[in-house]
Amino acid sequence: MALSIPSKLIYYTKLSKPRIIWLLDLAALGGAFLASKIILVNLLAVLIGGTLASGGSMIINEGIEINKDKVMKRTSHRPTVMGYVSKKEAIVVGTFLLILGTLIGLIANPLSSMFILLGGLIYVLVYTIWLKPRSPLNIVIGGFAGSAAAWAGFAAMTGKLDLAAFLLGFLIFMWTPGHFWSLALRFKEDYDRAGIPMLPVIMPENFSARMIAISNALMIPFAISLYLFVGIPYLIVSVAMSILLMYFSIRLLKNPTGEEAWTSFKVSAPYLAIILLSIIIIRLITFI
Ligand code: HEM
Ligand SMILES: CC(C)=CCC/C(C)=C/CC/C(C)=C/COP(=O)(O)OP(=O)(O)O
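Residues numbered from 1 in each chain as written. Chains lettered and ligands numbered in written order. Predicted model: local features only at pLDDT ≥ 70, side-chain atom pairs only at ≥ 80, totals over all residues. Heavy atoms only, no water.

Draft legend 1. Main features of the site of ligand 2. Taken together, 19 residues surround ligand 2, and among them Arg74, Arg78, Tyr123, Tyr127 and Lys132 come closest. Within the side chain of Asn61, an N or O atom sits 3.0 Å from an oxygen atom of ligand 2. The side chain of Tyr191 places a nitrogen or oxygen atom 3.0 Å from an oxygen atom of ligand 2. In isolation ligand 2 offers 630 Å² of accessible surface; the protein chains occlude 89% of this area. For the shell around ligand 2, the elements supplying multiple residues, two or more each, are α2 (18-34), α3 (40-64), α6 (110-131) and α8 (144-158). The class makeup of the residues in the shell around ligand 2 is 9 nonpolar, 5 polar and 5 charged. (Near = heavy atom within 4 Å. Polar contact = N/O pair within 3.5 Å; in protein donor to acceptor, adjacent residues only side chain to side chain. Areas by Shrake-Rupley, 256 points an atom, 1.4 Å probe, with all protein chains shown as cover. Helix = DSSP H or I, 4+ residues; strand = E, 2+ residues; numbered from the N terminus. Nonpolar A, V, L, I, M, F, W, Y, C, P; charged D, E, K, R; others polar.)

Written out as structure tokens, the structure reads:
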């Protein structure tokens, strides 16, 4: 199908999942602001490189998954399913963007660039190709893709990692199951139809709700202990947000329905966003 360049650009922008990239960028910013100094050029390199690489990785994912996306209601309108972007084109363009993003990360330093590449490779190779079709633990391991964004941000400023960076990375790692199992519980019929063994597909609702509550509870110590590096105002924000998150996890435990799971999913991104924003804003104030 011959399409104009502007419409291709619109399709590629949609395929890159901008609704997810902003939070990955916020994770990279959160990592960067945990460092003791901010190097502006490196910050721009990791944000631009990370955005291109994560967008590219999502485009590769949607190239690989056309047949699954076709049978899932939620994903059946993607430009790849509609035939506007072919499998081969998505994989070629996505790979190009992943490589370009990795190279731009080199402007900061090799470690930051390595984390950008690692994030993309974990998402495409480990999650999409290897674990997603095979194991209900797919997203547990896949969660390291999000950690890589935070580590790329920190490494861009310092060329190394430290305890604060590890805590932020593991916070995102532990956040991912609660985020995704809530969505998968809401759309379990979709995943079942596509033959993807997501936890809520193969286990009863109450078991999935319990796993969401447990993983959220295990995440909270990582979120709160970052106050050692960010200070008391952060402690107040992280405790308040964690109480709110657990309130919705307990509601889901008591009533493990698709509707409650959707509420839990909708709370999860703002939870992480507010934690990351408070790190960024509080550290920014201390830098000034
Ligand atoms: C393997 C790990 C992950 C899986 C399987 C996953 C899965 C998903 C899915 C299927 C959606 C709905 C997608 C759509 O709208 O097309 C979604 C939404 C989202 N994800 Fe994830 N995700 C993961 C990790 C992450 C990470 C690490 C971040 C950022 C740090 C993130 C941020 C978001 C955001 C911001 C949304 C949009 C939420 C909304 O619409 O309210 N996700 N995720
Ligand atoms: C540092 C760096 C480059 C990190 C990249 C990390 C990355 C791309 C994480 C994305 C995770 C994500 C949106 C999964 C969507 O799941 P899915 O593809 O199973 O969703 P679907 O069911 O909507 O297809």
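On we go from here.
Draft legend 2. Spotlight on the coordination of the iron atom of ligand 1. For the iron atom of ligand 1, the protein contributes exactly one donor atom, His179 (NE2), at 2.2 Å. If you trace the backbone, His179 turns up in helix α9 (residues 163-186). (Donors = N, O, S within 2.8 Å, 3.2 Å for Na, K, Ca; no water.)

Draft legend 3. Just the packing of aromatic side chains, in detail. Under the criterion given, the structure shown has 16 aromatic pairs. Note on Phe144 and Phe170: the rings are 5.9 Å apart at their centroids and 85 degrees apart in plane angle, and the pair reads as edge-to-face. Taken as a pair, Phe144 in helix α8 and Phe170 in helix α9 lie far apart in primary sequence, 26 residues in all. A relative accessible area of 26% means that Phe144 is categorised as partly exposed. (Phe/Tyr/Trp six-rings, centres within 6.5 Å; stacked < 30°, edge-to-face > 60°. Buried < 20%, exposed > 50% of the residue type's maximum accessible area, 1.4 Å probe, protein only.)

Draft legend 4. Fine view of unusual backbone geometry. The phi angle at Lys17 is positive, at roughly 55 degrees, despite the residue not being glycine. Considering the arrangement of structural elements, one finds Lys17 in the loop between α1 (5-15) and α2. Lys17 gets classed as buried once you look at its relative accessible area, which sits at 16%.

Draft legend 5. Spatial organisation of the packing of helix α14 (residues 232-254) against helix α15 (residues 258-287). At a minimum axis distance of 10 Å, the contact between α14 and α15 shows a crossing angle of 175 degrees. On the basis of their axis angle, the class for α14 and α15 is roughly antiparallel. Grouping the constituent residues of the contact of α14 with α15 by class yields 15 nonpolar, 6 polar and 2 charged. (Axes fitted to C-alpha atoms, helices over the stretch in contact; angles between N-to-C directions. Parallel < 35°, antiparallel > 145°, perpendicular 65-115°, else oblique.)

Draft legend 6. Structural detail: the pattern of salt bridges. Scanning all chains against the criterion turns up 7 salt bridges. Ionic pairing is found between Glu205 and Lys188, a salt bridge with its closest N-O pair at 3.7 Å. Taken together, the residues span a long stretch of sequence, with Glu205 in helix α12 (residues 205-225) and Lys188 in helix α10 (residues 188-193) at a distance of 17 residues. Note that Arg193 and Asp190 form a salt bridge whose closest N and O atoms lie 3.3 Å from each other. (Salt bridge = Lys/Arg side-chain N within 4 Å of Asp/Glu carboxyl O.)

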